Amino acid sequence: MTTESFAHPRYLALWFAFLPADRWRRRRSSVCAGRDEPVAFVAKQGGTMRLIATDAAAQALGLMPGLTLADARVRVPDLVVVAHDPVADRVWLERLADGCLRYTPQVALDPPDGLILDIAGCVHPFGGAQALAADVLARLDQIAMTTAHALAATPDAARALARHFPRKPEAKEALRKYASISPGAGRGAVGPATASSPDRLPNWAPACAGEPKVVTIYECHGSSGDQRLGITTTRRMRGPAAPPARGNGGGASTLPRHHRPKTGRIDHVPANAGPPSQIDPVHHLPVAALRLGEERTTALIRAGLKTIGDVARRPLAGIAARFGADAVHALRRMTGEVDSPLIPHRVPPAIQVERRFAEPIASTDYALAILAELAAEAAIELDHRHHGGRAFAALFFRSDGQVRRLAVETGMATRDPLAIMRLFRERIAGLDDPLDPGFGYDLVQFAVARSEALSVRQIDFDGRTGDHAIAALIDRLSTRIGRARLRRFAPGDSHLPERAQRLFPAIDGPVSGGWGVVEIGEPPLRPLHLFDPPQVIEAIAEVPDGPPLRFRWRSSLHDVTRFEGPERIAAEWWRRRDGAGLTRDYYRVEDSDGRRFWIFRHGLYGDEVAMPGWYLHGLFA
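Everything numeric here is computed off the predicted structure, so don't read it as measured data.

Asks: Describe the packing of helix α13 (residues 364-385) against helix α14 (residues 417-429), naming the residues involved and giving the relevant values.
Replies: Contact pair α13 / α14: the axes reach a minimum separation of 9 Å and the direction vectors enclose 140°. In the crossing of α13 with α14, the sense of the turn from one axis to the other is right-handed. Contacts between α13 and α14 involve Leu368, Leu371, Ala372, Ala375, Ala376 and Ala379 on the former and, on the latter, Pro417, Met421, Phe424, Arg425 and Ile428. Split by residue class, the contact of α13 with α14 holds 10 nonpolar, no polar and one charged.

Here it is as structure tokens:
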């Protein structure tokens, strides 16, 4: 990492250390008001009920994940036990990710309890990365989320700093003189980072306090800026506050010139480079931050390599030979020498426009009017690009942190704001849970999630543009009843009748390829109704390989008066492991009542099977 990367961090990592407990308490806020009993979330593992997650109160009493429920109840008799629900935790994490879309379109999940935000180019409206992080923490504090965060130049470094605050005594001593502690202003006090449990705080941090405390660690690199780590609590704790840190007035301390890192990438730290905290905050983190697995992490610790700085001081070739190339790769990802791209929770839209409000608006109709204006602005940008949108999304951000996302699609590319708003109103009318502004919306976003080239269409003499009316009908029906409930057929890449067509949502638009054309006056080659699977029938033929004369289907006997065929269809031997398959001989037959059937003989008599079977595959109209 370079000096400039610390001054201008690109990634913000958020860690919700007690996500299950915070989610559970949020849903039971009225029941749990004023109650501070320790809570543990359990699940069955190997035939034993074990703790999967706990809250801060349970951890303060020594209950950690992995402990058996029986042992936990012995230690804490009044423990509140809740069944672990990973699906609900994942849904809540995704909702938190949607809430962070107000800051950047690049929000990645770090399951099971974290998020990583790419804030490059998004900090100017907030006045810098630190101010953006403070706003994120303030909104998370409003919904009672215990959060730890860190800013860094790489996602791996940000994640490691947020989750693995230094515990090593030497690192704490090295950081002591560069720390300052200041009391917060009550609930809602925020700082550069938050820690979720007292056991992660340094020795000089308040293990518990009567008022929230802000612990900020500053490490300056020249005059370009500072890299900040810190802790802030979102829950009240009890206990005396720690004494202020020593240093230059208790604030930020500038490192001596000979301890400032040189510009450029750090392959490994020289032995005489001084304390790790003077080189890179990542280097005094434990090796568990490299995420190499329990076995290799234990091997590194037994080898005396307890921190990332210890690993970075060793020749990388020796580390790779002893602990695997993954260890070196993880170290290079941490320092930025190897790219570690993020996978966004939602694909960043092609176009996104937004409107922020100084005061929250409590009218849904007014919010929809603003959405129409945003759709018109996006249409202008689409026109400049000669594109049209196929998928659109509207996000309504409430002042209490909740986000409502609505999405619509079109079968054909369009940039007509009126048509887009009609679809959104159809979507809103079909909601089971209507839009509720609550305390008001403070941000409305409109995004063109998918676009494609849109050329000018020729208008017919009657004022229409081809299939535009049918496409508009498909759009409205798909929006109202769901995209998966309105489907159309398309030709399939197979000569077998049951695979010769496929179903897909009608709103996806037409596909390339067409159906076989039947000559005028000729009967259809395929029936409109196919049985899946084909139904077994009993048939009698004049010769074993001849057409059927009579067949029985569903206890009814049918005499064949006319037939046409056979149409021989070979098996798809390349799809079978044994490379075999039976040949089908299809016949279009008509019985004495004028009903037409599509039947086939399965297998060639004497060559493939001794006695071929007969099947009814379809019915003609």
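Back to the write-up after that little detour.
Asks: Break down the pattern of salt bridges for me, with residues and values.
Replies: Counted under the stated rule, the structure contains 40 salt bridges. When the shortest N-O distance is used, the salt bridge between Glu452 and Arg390 registers 3.4 Å. A residue pair is termed long-range when its members are at least 10 positions apart, and Glu452 in strand β14 (residues 441-453) and Arg390 in strand β12 (residues 387-398) qualify at 62 residues. Taking relative accessible area as the criterion, Glu452 reaches 34% and is therefore assigned partly exposed. Look at Arg390 and you get buried, because its relative accessible area is 8%. Note that Arg568 and Asp585 form a salt bridge whose closest N and O atoms lie 2.8 Å from each other. You can see Arg568 sitting in strand β19 (residues 556-569) and its partner Asp585 sitting in strand β20 (residues 584-591), a full 17 residues away along the chain. Owing to a relative accessible area of 54%, Arg568 belongs among the exposed residues under this scheme. A single salt-bridge network, built from bridges that share partners, covers Arg102, Asp135, Arg139 and Asp442.

Asks: Any details on a nonpolar patch on the surface? Residues and values, ideally.
Replies: Where nonpolar side chains cluster on the molecular surface, the patch consists of Leu473, Leu477 and Ile481 and spans about 220 Å² of accessible area. Tracing the backbone shows Leu477 in helix α15 (residues 468-481). The class for Leu477 is partly exposed, based on a relative accessible area of 32%.

Asks: Residues and numbers for unusual backbone geometry, please.
Replies: Backbone torsion omega between Asp532 and Pro533 reads 0°, so that peptide bond is classified as cis. With respect to the helices and strands, the residue Pro533 is situated in strand β17 (residues 529-541). Of note, the amide linkage connecting Gly565 to Pro566 takes the cis form, showing an omega dihedral of 10°. Position of Pro566 relative to the elements: it lies in strand β19. Within the chain, Ala144 stands out as a residue other than glycine whose phi angle is a positive 60°.

Reading the values: rules and limits
- Residues numbered from 1 in each chain as written.
- Predicted model: local features only at pLDDT ≥ 70, side-chain atom pairs only at ≥ 80, totals over all residues.
- Heavy atoms only, no water.
- Axes fitted to C-alpha atoms, helices over the stretch in contact; angles between N-to-C directions.
- Helix = DSSP H or I, 4+ residues; strand = E, 2+ residues; numbered from the N terminus.
- Left-handed = near helix turned anticlockwise from the far one by under 90°.
- Contact = heavy atoms within 4.5 Å.
- Nonpolar A, V, L, I, M, F, W, Y, C, P; charged D, E, K, R; others polar.
- Salt bridge = Lys/Arg side-chain N within 4 Å of Asp/Glu carboxyl O.
- Buried < 20%, exposed > 50% of the residue type's maximum accessible area, 1.4 Å probe, protein only.
- Patch = residues over 30% accessible without salt bridge, like charges linked within 9 Å, V, L, I, M, F, W, Y side chains within 5 Å.
- Areas by Shrake-Rupley, 256 points an atom, 1.4 Å probe, with all protein chains shown as cover.

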